[in-house]
Each structure stands twice: as structure tokens, then as C-alpha cells.
Amino acid sequence: MAEFETPKLGEAPDTIPCLSIGSMAHSKPYKAAAEHQEKLGFPGELVENWQEKAIDKFGELLGKYRGLQVYMDACVKCGACTDKCHYFLGTGDPKNMPVARQDLMRKVYRRYFTTAGKWLPWLVGAEDFTEDVLEDWYSYFHQCSQCRRCSVYCPYGIDTAEISMAGREIMDHIGVGQKYSNEIIGKVHDIGNNLGLPANALRATLEDLEEDLEEETGVEIRLPLDEKGADVLLVTPSADFFAEPHVDGLLGYAKVFHQAGTSWTLSTHASEAANFAIFTGSYDQMKQIAERIRKAAEDLGVKRIVVGECGHAWRVAYNFWNTLIGPFDFLDQNYPIPQHICEFTHDLIIQDKLTLDPSKNDHMTLTFHDSCNVARASRMGENPGGQFTYPREIIKAVCNNFVDMAAETIHENTFCCGGGGGLLTDDLVELRVKGAKPRMEAYRQVVEDHGVTNLAAICAICKTQFAKVMPYYGFEMDAIVSVHQLVSNAIVFEPEPEDDGDQGTGEDDHGGE
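Below is a summary of the structure that appears in this document. (Residues numbered from 1 in each chain as written. Predicted model: local features only at pLDDT ≥ 70, side-chain atom pairs only at ≥ 80, totals over all residues. Heavy atoms only, no water.)

**Some remarks on the packing of helix H13 (residues 246-260) against helix H17 (residues 341-350)**
- Following both chains from N to C, one finds H13 and H17 inclined at 40°, their axes separated by 11 Å at the closest point. Overall, the two elements H13 and H17 adopt an arrangement that is oblique. The hand of the H13/H17 crossing is left-handed. Together, Tyr253, Val256, Phe257 and Ala260 of H13 and Ile341, Phe344, Thr345 and Leu348 of H17 make up the contact between the two elements.
- Looking at side-chain class alone, the contact of H13 with H17 contains seven nonpolar, one polar and no charged residues. (Axes fitted to C-alpha atoms, helices over the stretch in contact; angles between N-to-C directions. Helix = DSSP H or I, 4+ residues; strand = E, 2+ residues; numbered from the N terminus. Parallel < 35°, antiparallel > 145°, perpendicular 65-115°, else oblique. Left-handed = near helix turned anticlockwise from the far one by under 90°. Contact = heavy atoms within 4.5 Å. Nonpolar A, V, L, I, M, F, W, Y, C, P; charged D, E, K, R; others polar.)

**Comments concerning a negative patch on the surface**
- Taken together, the side chains of Glu207, Asp208, Glu211, Asp212, Glu214, Glu215 and Glu220 present a region of like negative charge at the surface.
- By the secondary structure assignment, Glu214 is in helix H12 (residues 199-217). (Patch = residues over 30% accessible without salt bridge, like charges linked within 9 Å, V, L, I, M, F, W, Y side chains within 5 Å. Areas by Shrake-Rupley, 256 points an atom, 1.4 Å probe, with all protein chains shown as cover. Salt bridge = Lys/Arg side-chain N within 4 Å of Asp/Glu carboxyl O. Lys, Arg positive; Asp, Glu negative; His and termini not counted. Charge placed at Lys NZ, Arg CZ, Asp CG, Glu CD.)

**Here's the deal with helix H8 (residues 131-140)**
- Among the ten residues in H8, seven count as buried, and that is most of the element.
- When H8 is considered as a whole, its buried residues turn out to be Val133, Leu134, Asp136, Trp137, Tyr138, Ser139 and Tyr140.
- The inward-facing, buried residues of H8 abut helix H2 (50-64), helix H5 (98-113) and helix H10 (160-173). (Buried < 20%, exposed > 50% of the residue type's maximum accessible area, 1.4 Å probe, protein only.)

**A word on the sheet that holds strand E4 (residues 339-340)**
- With parallel pairing, the four strands of this open sheet are ordered in space as E2-E1-E3-E4. Each edge of the open sheet is held by one strand with a lone partner, namely strand E2 (264-265) and E4.
- Pairing of strand E3 (residues 304-307) with E4, which is carried by two bridges, proceeds in the parallel orientation. Along E4, the bridge assignment pairs Val307 with His340.
- On the sheet, helix H15 (residues 283-300) packs against strand E1 (232-235), E2 and E3 and is oriented at approximately 155° with respect to E1. (Pairing = 2+ DSSP bridges.)

**Focus: the side chain of Asn193**
- Tracing the sequence through the fold places Asn193 in the loop between helix H11 (179-190) and H12.
- For Asn193, the side chain forms a polar contact with the main-chain nitrogen of Leu195, separated by 3.2 Å. (Polar contact = N/O pair within 3.5 Å; in protein donor to acceptor, adjacent residues only side chain to side chain.)

**Quick word on the packing of aromatic side chains**
- As enumerated under the stated definition, the model contains 17 aromatic pairs in all.
- Note on Phe58 and Tyr109: the rings are 6.4 Å apart at their centroids and 50° apart in plane angle, and the pair reads as tilted. Taken as a pair, Phe58 in helix H2 and Tyr109 in helix H5 lie far apart in primary sequence, 51 residues in all.
- Tyr109 sits in the buried class, given a relative accessible area of 3%.
- Positioned over the ring face of Tyr153 is Lys84, at 4.9 Å from the centre of the ring.
- Across from the ring centre of Tyr335, 3.6 Å away, lies the NZ or CZ of Arg304, which sits over that ring. (Phe/Tyr/Trp six-rings, centres within 6.5 Å; stacked < 30°, edge-to-face > 60°. Lys NZ or Arg CZ within 6 Å of the ring centre and 35° of its normal.)

**Section: the sheet that holds strand E7 (residues 480-482)**
- Judged by pairing direction, the sheet is parallel, and its three strands sit side by side in the order E5-E6-E7 without closing on themselves. Across the chains shown, the open sheet's two edge strands, defined by having one partner strand only, are strand E5 (366-368) and E7. Going across the sheet, the axis of each strand differs from the next one's by a mean of 40°, ignoring polarity.
- Alignment of E5 against strand E6 (residues 454-457), held across three bridges, turns out to be parallel. Paired with Leu366 across the strands is Asn454, a residue of E6.
- Lying over the sheet, helix H22 (residues 460-469) contacts E6 and E7, oriented at roughly 160° with respect to E7.

**Some words on unusual backbone geometry**
- A cis amide bond links Gly326 with the next residue in sequence, Pro327, at an omega value of 0°.
- For Pro327, the location among the structural elements is in the loop between helix H16 (311-325) and E4.
- With omega at -5°, the peptide bond leading from Ile337 into Pro338 counts as cis.
- Mapped onto the fold, Pro338 is located in the loop between H16 and E4.

**Focus on the pairing of E6**
- Of the two faces of E6, the one holding Asn454 and Ala456 and the one holding Leu455 and Ala457 are both buried throughout.
- For the crossover that starts at E6, traverses H22 and ends in the parallel E7, the hand is right-handed. (Right-handed = clockwise from strand over helix to strand, strands pointing away.)

**Quick look at the environment of Arg304**
- For Arg304, the location among the structural elements is in strand E3.
- Judged by relative accessible area, Arg304 falls into the buried class, the value being 11%.
- Separated by 68 residues in sequence, Arg304 and Thr236 place their C-alpha atoms 14 Å apart.
- With near-sequence residues (within four places) excluded, Arg304 lies in contact with Asp231, Val232, Leu233, Leu331, Tyr335, Gln339 and Phe344.

Right, here's the structure in full:
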């Protein structure tokens, strides 16, 4: 792993850095091995006629996704996006400006798909698709976390995430895929989750967690698996099964379901909410992964599907499930389809159906990180902005001490954690650390001004990323917590009475009367 210097935190998270041309050109994720490529139907190595194949695929995508061509044609170089990318703010590399990253594709588009570019390429900034350009694509399209912050500020709504997704899809089809995402997608196809966790191991893990819950609460709280006829199928990121703070959130889900009296189940066939195919731009792969969830729901005969704390999983569920694997006419139409775990818990809190003691979290002062895919690509509840209010209202119901970060760094303006978009791999740790700089600056402000001790999130990638990068900036790795970890801390159970088999006499039962 290359050595690098952690950026110094400034006074404001959006301070424009000095330009550092080419400073991140070396940053590239490991390329996928042939077995990982071929399992997904892609070439195992760079094909001989790669330029021709790439241009053909580019043309196919332009015809399939109208937005892509609009994004290629609409940019007027106004500069509104230049300082909105966390990777540019953290690295200073001008190719991490959203407009410059777009131009890596735009110059190839102009060369092969516009009349001016074919005849006068030098006049319109058109370039041939050379090996050097391909290397830039591989490097800088993997320095975009697809967070879509730049699109919020673009007056034309140009979505760099869609451009990065298209670039990665084109590269996959010529044999230049990313190891991290493609290997994970293959595991889901083979086993059902990102971790490659077999059914027996998952069952044993859940049984161990049930023992932990009973020891903690004195109540038999179940983590059911493959139970037909349950009302709810919970699909959650596989990180929830083994790693902190993720597993603490899973225990929170179980406590909520138990106290609400809701029958629920997990599934071995669909033991993963995450869908890394969205990061590669492959809707075919996204559909195959999502189909596992539909099949599990049908086979188990559930009435509802609830999605756990995972940012991009919720984006895929909210935006794509209906067209990829719908319609969901076999589910109960009286409930949201799909439903986020925060919607489920929030509804119970509003109805006063949970017994909560916020003082159980008094050792913490919380702030909340709006995860990109939830904040800018989805909604919760019936009203706009529910994805911002629901998590905060849950936190305030279970915690006495909450402070928001600066307004320009939350809600739709939120900064990415720096590890999303298929970049949560140690071969990109320098990029991840530098990309986290704007969020860490906003977090430091509330730490210093309000004594904040912990950062809460509802995204598995965000939690993993912050646990990795926060120590680089002088914060403890366990400062990051799950929202449902806070619920788990605050929810109150009365221990179940022990059954000793002695029912007593009638006189004793009535107090000796």
C-alpha cells in the first residue's frame, strides 16, 4: 500500500484546494481476474479490438439511455460543479472536478459521435480513444463514488454518477473490470451475499446472536431464518451479520420487531440487501441480484419486504425494483413497497408502540451523516424530505443529545463518506482517506463547538468507511454508530418470568386470602 499524507483539516469543508495536477493519476483499483470477469459474462482480459468494441458499446448506451447523450451535449463549462466533489476537495487533482471527469468521456463522444468531432476534432476538444485515455478512464471513473452531489448544483442536472456508471460498463465489456465489485457480484450469484457466507454459517451466527440478546435482555428475542408465512422479509447488508457497528444495528431491528409483535424472517437465498451491480452500471447484473429477493419473498410467502440500513440498497429498492423485478402484487398493498427499516421503526415510535429510555444513550452526543444514496436518490414516507426527517426523529426519540452538522453539509448537500460507489477497498485507501476530508471537517466543527462524541449513519458502506478513515483524522474508529444501534440501546424490555413448574396453591396465588 502506497504511503501518503493525510490532508490537514481546514476551517470549512468546501474550501477550494490548490490544484495538484496528476496527483491521483496513480490511484487505480485492482483489475478483475479472468474468473471474476467471465462469471459475469465479460471478457477475461482486454480484447484485441477493444477500441471498436468500446465505441460500439458506447453507441449502444447512448441509444438506450437518453440522459447519457444529454449529459454529453449539455455542459456549458459554467464551473458550478468544480468545487462540489469531495475527491477534488481532498486531493486537488483537477481531473476530479466533475466537469473534468465528464470530459474524459465527452471528448471520446465528440470524436466518434458528432460531425464536428469527426472532421475537426482539434476544434471541439475531441480525442481518439487511445490506451492513455483508457488508463485515465480506469483511474478517474474509479475516483467517483457516484454520490451525485455535483448534480444537485449543476444548472442542467448533469449526473456524473451516470457517466461513471457508463464508463465502467464499457470497460467491463472490453475486459477491463474492477476486482472488488465484480468479485462481490459473483459471490452473490453463487451464495447469496457479498461476504460469501454459507447458509449454515449464517444460521450459526444468528443463533449465537440470539443467545447474546437473551443474556442482555432476559427475553427470548429471535433472529428467524427461512421461516415461511412470516409477515416481513428483512433484507439487510451482510455486514450486519458479523461486524460492529453493523451487527449492533441488526440486534436493534430484532428488538423492534419483537416488541412490535411482528413476525419476520431473514432468508438464506437473499441474505444480502446490497447490489454492487449499480456501481458497475450493469442493469442486467442488477436485475439478477434483485431477483433473488423477489424469489425469497414469494417462496416464504411474506406480506412485506423491509430493507435494512444500506444506502445504495435502498436506492436500488426504491428506484429500480419495480421495473427490474416488479410488480409486487403478491405483497400486502396496505404497506409501502418496499419499506425502509427507518420507516418501520418511525411509524412505531409515532404510534407510541415502543418502550424507549433515551437516557440509555446519555453517554453520547450524536450527529447524523446523510448517506448519499438515501439523501439524493430516494425518499422515506409520503412527503418530500422524509429521508432527512425520519432518521433524525428516530435518533431524537432514543437520544437526549443531538446536534446537526452545518446546513451546507447535510440533507441534499451532504458530503459523501468517501468510500461509496464500489470504492470501499484497501487498494484505494489513499483516495478514501482524502475523499473523507470534507465530511471530517464538518464533523470536527460539531465536535469542537458542541461536544459531539459520535456520528450515526444508516449505510453499511458509510459505517465501514468511517471506521477505517476516522483514526486518520484523530477520531476513534468506534465513534461511528448505527441508528438502530441507538434504538437497541434505548429499547426497554421487562424480563420474562422464569417458569419453575410450581403454580402454587390457590391461597398463595391470591395473596393468602
